[in-house]
Amino acid sequence: MLLNWTVMILYNYFSAMFVGPGYVPLGWTPEKSQDCMYLQYCKVCQSYKAPRSHHCRKCNRCVMKMDHHCPWINNCCGYQNHASFTLFLLLAPLGCIHASFIFVMTMYTQLYNRISFGWSSVKIDMSAAKRDPRPIIPFGLSAFAASLFALGLALGTTIAVGMLFIIQMKVILTNKTSIESWIEEKAKDRIQYYQTGETFIFPYDMGSKWKNFKQVFTWSGIPEGDGLDWPVRDGCHQYSLTIEQLKQKADKRVRSVRYRAIDDYSGVCCPVTKGVKTFFTTPCTEEPRIALSKGDLILATRGLKHWMYGEKILDSAADGGIRERGWFPRKCVEKCQYDSETDQPVDGEKKNR
């Protein structure tokens, strides 16, 4: 039974790794040319971003139905490997629970006849069992330490990976991805901020957990659809989500604040020379840091108390609009005083995003 767990875990793990999430074809455009106005354009892939797709900086491709980039499989979790990745998250804790049971019963049966209780102390004789002269498996102090260590690893894996499985199942049962959950949250914040009175309805939720479940898990192992076109609920259309993304992108430009670098920053994760608070409050995220030189211009879109996130405007921005995005220390920049985009401070936007 333990071997079966191992085989199924490794099968789904390598399937998620090598099958991959599926990528939007390079140069892809929608069938109807007028639909391009509802989509974002990816300059790296030289194609439009299909609905539910996002560009991954690490894979350097637009990923279909991207959920996140997982460093443990060295690949993205998306359209084609979402089921394999989720099954791996389910089977790994189940196998570890079984292994934990084996470790606990092994230590219990081996220590049962080795422990003696006195009036003032408890003694454990690890040399040999007192009542069983023929132990099936030699069990000494090193074996006990190894079993105890392995039990800790098994329980730790069960808790950590089990929590990831619960998170994945929550988004799957609503037919979302982790990124789309974040987009939906930002849509509610945008509507509340501007008091537009509109209502955002997530278009891909089929209204039934079973129907949403079948969008990812199938008997053949191949997910439904082609990763480019998706069934939508009544009252929505294929580009409802992409239109909301365009609105959020426009809102991001409106509420961005221009800053100028007043100190150099090398782009390290935890800078020692920028203060103790900056060092210990570095953002816990995989998002990159950007190096700054005195005089650089940055459009900040969100911030923490000691850090900010934004886009550095390069010299070639006037030609190609190329920008570098990432985190940088707040004390390295100052707000530009004479700029049309500085009517609102970045703190008025979403401080803790």
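From a predicted model like this one, the values you see are computed outputs, not experimental measurements.

Cut-offs used in this document
Sequence positions are assigned chain by chain, starting from 1 and proceeding in written order. Restriction of local features to residues with pLDDT of at least 70 applies here, the model being predicted, together with a cutoff of 80 or more for giving and counting side-chain atom pairs; totals for whole chains, interfaces and linings are based on all residues. In computing side-chain properties, one takes all heavy atoms of the structure into account and sets aside hydrogens as well as water. What counts as a salt bridge is simple: a side-chain nitrogen of Lys or Arg found within 4 Å of a carboxyl oxygen of Asp or Glu. Helix and strand assignments follow DSSP, with helices taken as H or I runs no shorter than four residues and strands as E runs no shorter than two, numbered in order from the N terminus. A simple rule labels every residue: compare its accessible area, found with a 1.4 Å probe on the protein chains alone, to the largest value its type can have, and call it buried under 20%, exposed over 50%, or partly exposed in between. By convention, a stacked pair of Phe, Tyr or Trp rings (six-membered ring in the case of Trp) has centres within 6.5 Å and planes under 30 degrees apart, an edge-to-face pair has planes over 60 apart, and any other such pair is tilted. Two limits define a charge over a ring: the Lys NZ or Arg CZ must be within 6 Å of the ring centre, and within 35 degrees of the ring normal. Throughout, a residue-residue contact means that at least one pair of heavy atoms, one from each residue, lies within 4.5 Å. Charge assignment: positive for Lys and Arg, negative for Asp and Glu; neither His nor the chain ends contribute.

Colleague: I would appreciate a short explanation of the pattern of salt bridges in the present structure.
Modeller: When their charged atoms lie close together, side chains carrying opposite charge are able to pair. Counted according to the given criterion, the structure contains nine salt bridges. Between arginine 52 and glutamate 180 there is a salt bridge, and its shortest N-O distance comes to 2.7 Å. Here arginine 52, found in the loop between strand 2 (47-48) and strand 3 (54-56), pairs with glutamate 180, found in helix 4 (residues 178-194); they are 128 residues apart in sequence, far enough to count as distant. Look at arginine 52 and you get buried, because its relative accessible area is 1%.

Colleague: Please clarify how unusual backbone geometry should be interpreted in this entry.
Modeller: Excluding glycine, residues mostly have negative phi values, and the peptide bonds linking residues are mostly trans. Phi at arginine 52 is positive, roughly 75°, even though this residue is not glycine. Positive phi values are uncommon outside glycine, yet asparagine 175 reaches one of about 60°. Summarising the element assignment, asparagine 175 is placed in the loop between helix 3 (141-172) and helix 4. The buried category is assigned to asparagine 175, whose relative accessible area is 2%.

Colleague: Please clarify how the packing of aromatic side chains should be interpreted in this entry.
Modeller: Aromatic rings considered in pairs are described by the distance between their centres and by the relative angle of their planes. A full pass over the atoms with the stated rule returns 13 aromatic pairs. Between the aromatic rings of tyrosine 41 and tyrosine 48, the centroid separation amounts to 5.1 Å while the plane-to-plane angle is 75°, which identifies the pairing as edge-to-face. Owing to a relative accessible area of 40%, tyrosine 41 belongs among the partly exposed residues under this scheme. Arranged with centres 5.7 Å apart and planes meeting at 15°, the rings of tryptophan 210 and phenylalanine 213 form a pair that is stacked. On the criterion of helical spacing, the pair formed by tryptophan 210 and phenylalanine 213 is a turn pair, its members being three residues apart in helix 5 (residues 209-216). The positively charged end of arginine 289 is found above the aromatic ring belonging to tryptophan 307, 5.6 Å away from the centroid.

Colleague: Can you help me understand the side chain of threonine 242 in this one?
Modeller: With respect to the secondary-structure elements, threonine 242 resides in helix 6 (residues 240-255). Note on threonine 242: relative accessible area 5%, which makes it buried. Setting aside residues no more than four positions away along its own chain, threonine 242 makes contact with Tyr38, Leu39 and Pro51.

Colleague: Looking at this structure, I do not really get the side chain of aspartate 35. What am I missing?
Modeller: Examined against the element boundaries, aspartate 35 turns out to sit in the loop between helix 1 (2-19) and strand 1 (41-42). No salt bridge is formed by the buried aspartate 35; the nearest opposite charge belongs to lysine 32, separated by 5.5 Å. Look past the residues within four positions of aspartate 35 in its chain and what remains in contact with it is Pro30 and Tyr239.

Colleague: Could you clarify how one ought to interpret the environment of isoleucine 201 in this entry?
Modeller: Tracing the backbone shows isoleucine 201 in the loop between helix 4 and helix 5. When the C-alpha positions of isoleucine 201 and serine 240 are compared, they lie 8.4 Å apart, and in sequence the two are 39 residues distant. Ignoring anything within four residues of it in the chain, the contact list for isoleucine 201 reads Arg233 and Cys236.

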